[in-house]
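# Fold and geometry: a report
Listed here are the chains, written in short residue letters.
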Amino acid sequence: MSRVVRADAASVSSATFAPLENPTFRAVWLFAQVSSLGWLFQSVAVSWLMATISTSDVMVALVQASTTLPVFLLSIFAGAIADNFSRRHVMAIGWCVIALSSIMLTALVALGYFNPWMILAFSCLAGCGAAFTDPAWHASVGDILRKREVPAAVTLISVGYNAMRSIGPALGGVIVASFGPLTAFALATLTYFAMLWAIGVCKWSGRSSPLPREPLTTAIHDGARFTALSGEIKAAIARGTLFGLTSISILALLPLVARDQLGGGPIVYGVLMAGFGAGALCAGISNNALRRALSQERLTTLACISCAACCLALAFTPSIVVATIALTLGGAGWVVTWTGLDVSVQLSSPRWVVGRTLSIYSALASGGIAAGSWLWGVVAENYSLTLALESSAGALLLVAATGLLLPIRQWKESDQDSLGFETPQLALDLKSRSGPIVVKIEYAIPEDKVEEFLDQMRERRRVQSRAGARHWNLQRDLQEPVHWTETFRTPTWMDYLRLNHRLTSVDKELDQRLRELHAGGLPPRTRLAIERPTGATRSRQASFSGGDRVQAQATREPRAGSAPSNRVCHQVWKRSDVWSLSRRLTRRAPNRAAYAADGTALRRSSLPRSPSTLGQEEANGIDRPALSS
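This is a predicted model, so every value here is computed, not measured.

Attention shifts here to the packing of helix 11 (residues 254-261) against helix 12 (residues 266-285). Where helix 11 contacts helix 12, the two axes come as close as 9 Å, and the packing angle between them is 130°. By the angle class used here, helix 11 and helix 12 are oblique. Remark: the crossing between helix 11 and helix 12 carries right-handed chirality. From helix 11, L254, P255 and A258 reach across to helix 12, where they touch V268, Y269, L272 and M273. Considering only residue class, the contact of helix 11 with helix 12 consists of seven nonpolar, no polar and no charged.

Here Q346 lies in helix 15 (residues 320-347). Separated by 2.9 Å, the side chain of Q346 and the backbone oxygen of H138 make a polar contact. Among residues more than four places away in sequence, those in contact with Q346 are H138, K147, V150, V154, R351, V354 and L358.

Once that is clear, we can look at helix 4 (residues 87-111). Compared with the 36 Å implied by 1.5 Å per residue over 25 residues, the 37 Å span of helix 4 between its first and last C-alpha is a close match. Once helix 4 finishes, G112 follows within two positions and takes phi at roughly 75°, a positive value.

What follows is about the confidence of the model for the protein chain. Close inspection of predicted coordinates is inappropriate for parts of the model with low pLDDT. Looking at the protein chain, pLDDT values average 77 and 79% of them are 70 or higher. pLDDT under 50 marks residues 1-14. Its contacts with residues more than four places away, or in other chains, come to 22 contacts. Contacts of residues 537-629 to residues separated by more than four positions or lying in other chains number 138 contacts, the stretch itself having pLDDT below 50.

Right, let's get into the nonpolar core. Core analysis: the biggest nonpolar cluster contains 89 residues, and I250, L253, L254, L272, L314, L327 and W338 have the highest contact counts within it. Other than its neighbours up to four places away in sequence, L254 contacts S249, Y269, L272, M273, L314 and L327.

With that settled, consider unusual backbone geometry. Generally, phi is negative for residues other than glycine and the peptide bonds are trans, each holding for most cases. P436 follows G435 through a cis peptide bond whose omega is 0°. Relative to the helices and strands, P436 is located in the loop between helix 17 (385-401) and strand 1 (437-444). Even without glycine at this site, H471 takes up a positive phi of about 55°. When you line up the elements, H471 lands in strand 2 (residues 470-476). Its relative accessible area of 61% is what places H471 among the exposed residues.

Aromatic rings in a pair are described by how distant their centres are and how their planes are angled relative to each other. Evaluated as defined, the whole model comprises eleven aromatic pairs. Among the aromatic residues, ring-to-ring pairing joins F243, F276, W334 and W338 into one connected group.

Now for a nonpolar patch on the surface. On the surface, L69, F72, L73 and L364 cluster together into a nonpolar patch covering about 330 Å² of accessible area. At three residues, the largest contribution of residues to the nonpolar patch is made by helix 3 (residues 57-84). Looking at where L69 falls in the secondary structure, it is placed in helix 3.

All right, on to the sheet that holds strand 4 (residues 525-530) then. Neighbouring strands of a sheet are bound in pairs by backbone hydrogen bonds; such pairs are parallel or else antiparallel. Strands sit in the order 2-3-1-4 across an open sheet of four strands; the sheet is antiparallel. Strand pairing shows two members of the sheet lacking a second neighbour, strand 2 and strand 4, which therefore form its edges. On average, each strand axis in the sheet is tilted by 15° relative to the strand beside it, whichever way the strands run. Note that strand 2 and strand 3 (residues 483-490) share five bridges and pair antiparallel.

Within the fold, A186 resides in helix 7 (residues 181-201). For A186, a relative accessible area of 33% corresponds to the partly exposed category. For the pair A186 and G38, spaced 148 residues apart in sequence, the C-alpha separation works out to 9.1 Å.

At a minimum axis separation of 12 Å, helix 2 (residues 23-53) and helix 5 (residues 116-144) run at an interaxial angle of 160°. Considering the angle they form, helix 2 stands roughly antiparallel to helix 5. Once helix 2 is placed against helix 5, the crossing between them reads as left-handed. Listed contacts from helix 5 to T24, F25, V28, W29, W39, Q42, V46, L49, M50 and I53 of helix 2 are P116, I119, L120, S123, A126, G127, A130, W137, V141 and I144. For the contact of helix 2 with helix 5, a count of residues per class yields 16 nonpolar, four polar and no charged.

It is worth spelling out helix 3 at this point. With 28 residues, helix 3 ought to run about 40 Å at 1.5 Å a step, and its terminal C-alpha atoms sit 42 Å apart, in line with that. Remark: the principal bend of helix 3, roughly 55°, maps to L74. For helix 3, the tally of buried residues reaches 21 of 28 residues, placing the bulk of the element in the interior.

For the coordinates displayed, the defined rule picks out 16 salt bridges. Across the pair E214 and R502 runs a salt bridge whose closest N-O atoms are separated by 2.8 Å. Of this pair, E214 sits in the loop between helix 7 and helix 8 (216-228) while R502 sits in helix 19 (residues 493-502), placing them 288 residues apart in sequence. The buried category is assigned to R502, whose relative accessible area is 7%. R502 is the salt-bridge partner of D222, the closest N and O atoms lying 2.9 Å from each other. Residue D222 is located in helix 8, and its partner R502 is located in helix 19; the two are separated by 280 residues in the primary sequence. The buried category is assigned to D222, whose relative accessible area is 3%. What you see here is one network of salt bridges that share partners, running through D83, R87, E214, D222, R225, R356 and R502.

Cut-offs and rules
Residues numbered from 1 in each chain as written. Predicted model: local features only at pLDDT ≥ 70, side-chain atom pairs only at ≥ 80, totals over all residues. Heavy atoms only, no water. Axes fitted to C-alpha atoms, helices over the stretch in contact; angles between N-to-C directions. Helix = DSSP H or I, 4+ residues; strand = E, 2+ residues; numbered from the N terminus. Parallel < 35°, antiparallel > 145°, perpendicular 65-115°, else oblique. Left-handed = near helix turned anticlockwise from the far one by under 90°. Contact = heavy atoms within 4.5 Å. Nonpolar A, V, L, I, M, F, W, Y, C, P; charged D, E, K, R; others polar. Polar contact = N/O pair within 3.5 Å; in protein donor to acceptor, adjacent residues only side chain to side chain. Expected span 1.5 Å × (residues − 1). pLDDT = per-residue confidence, 0-100. Core = buried A, V, L, I, M, F, W, Y, C linked by side-chain atoms within 4.5 Å. Buried < 20%, exposed > 50% of the residue type's maximum accessible area, 1.4 Å probe, protein only. Phe/Tyr/Trp six-rings, centres within 6.5 Å; stacked < 30°, edge-to-face > 60°. Patch = residues over 30% accessible without salt bridge, like charges linked within 9 Å, V, L, I, M, F, W, Y side chains within 5 Å. Areas by Shrake-Rupley, 256 points an atom, 1.4 Å probe, with all protein chains shown as cover. Salt bridge = Lys/Arg side-chain N within 4 Å of Asp/Glu carboxyl O. Pairing = 2+ DSSP bridges. Bend = angle between axes of the 7 residues up to and from the residue.

Structure representation (structure tokens):
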């Protein structure tokens, strides 16, 4: 078993520094490290400034929450925007917001006009910019590099940031101690402008879609649905949220450890942060070797245990040396966990939705970090710093045990790019907003293959529902049990086209397996129908008596070896049914439009009228043209 795990890990791993051979990734990555150094300068300055002007432990801990809470609130919107617009432009806008917050902090400190709440406000503004830059940057990795290079690239991003973390806080502490917070804020601003210059010079583009952009609310809904139906992504999000909630105590309470327990100043705080960053750097460089030796689940469990050990050491030691060594262990566990979860989400997401899944993951993980910063700060202020760290260590051990319920599956390299789709020929000229669309696929399955067919259909339901299918169900003919019908709906014709454009080559392999189970020389028949519960009213030339509905249909029989044929159906109901249903719908939605048989909207005057209204119009001599069926 271990050999299989190691082989799977090796298949998705490449040399740690191989992605740097790509000039675009190399340039953006290098300037990202420069801007990360500036971010750390700013973080050290803000944290120490807050510790010196505020006596509240909660306010000190909220510095971490002020930059992570906006990520929790805005990331899902940023992910939807990143999937619909240029990710490079989204990154640029985010860095502009971060630069603006740094400029304002620099100006306020220079003027001496600041207080704890103003510091938190502009830290929150920087977090708003980070909410847009992080999902766009991580999603761009798959646009710039090949799929098999993504794990190494994600590791490089984490290694680079933690390499800066190993020197940034110490250097920032020296700058704050020697020159004051103003110099740290000014240097941070310059690094942000350097990152903006790199984004402007380096150009890359995502994979374009032939379909128009999705509305923002629809994009968010589709991303949330895909995430909810993906077991691998849900497990990574849950583990990341819990890990962020429990492990953030190390960083959130570190200024208090340096000030109260070790009796140091900003230089001691910088040295402790350097120890944390050094451990993260070593773990990042050896990440590929660790993945080949152990499964990702086991690595995540060991990382949680190492962070718990770090918390316990910080709770009891009065020695700077011991605290630094403990933080080295904590930094290693920190980077191993976040890198593994990030790659798990990336490799489980197709390109059309990767920005949204990453943003949901980032939002909930950041929400856990923000909640943990506040929680451990409250415990430290109301009880003691030692109790807060001890409680955090115990909670981390419980998070390590959640692997029994929410395991992280081993990474697999697969083609997640969307395939092309040829729009079927229709007898009606549908508009993009025409709908709902009903899709029925008919199979003939021999009795001896029913169990295998049902197994494939369970996976089929998950695949179709993730891509946008609604009300999916499977039916068996009672009179001819060999016949099975797969049925699902999409709200509009455009949603049906999006669904098919989202399917990947892995999803198409499932179609091939179903065709192999299908009996007969012809492929499974696909029928397309458009629902019209508020269909056309009775015309003067042809009226329908009784309560039965009439179905007009155009059917095209499939030829051997051809693509599945289409059948377009339209239902016409009697006038009383249409009027009754129209009254109910117009009471709920007065602006709801009626549609003709070809899916186009009708004028308001063409909507069904009540019998009393019709009688009044005839008495007044009003003659309205009736709709033709």
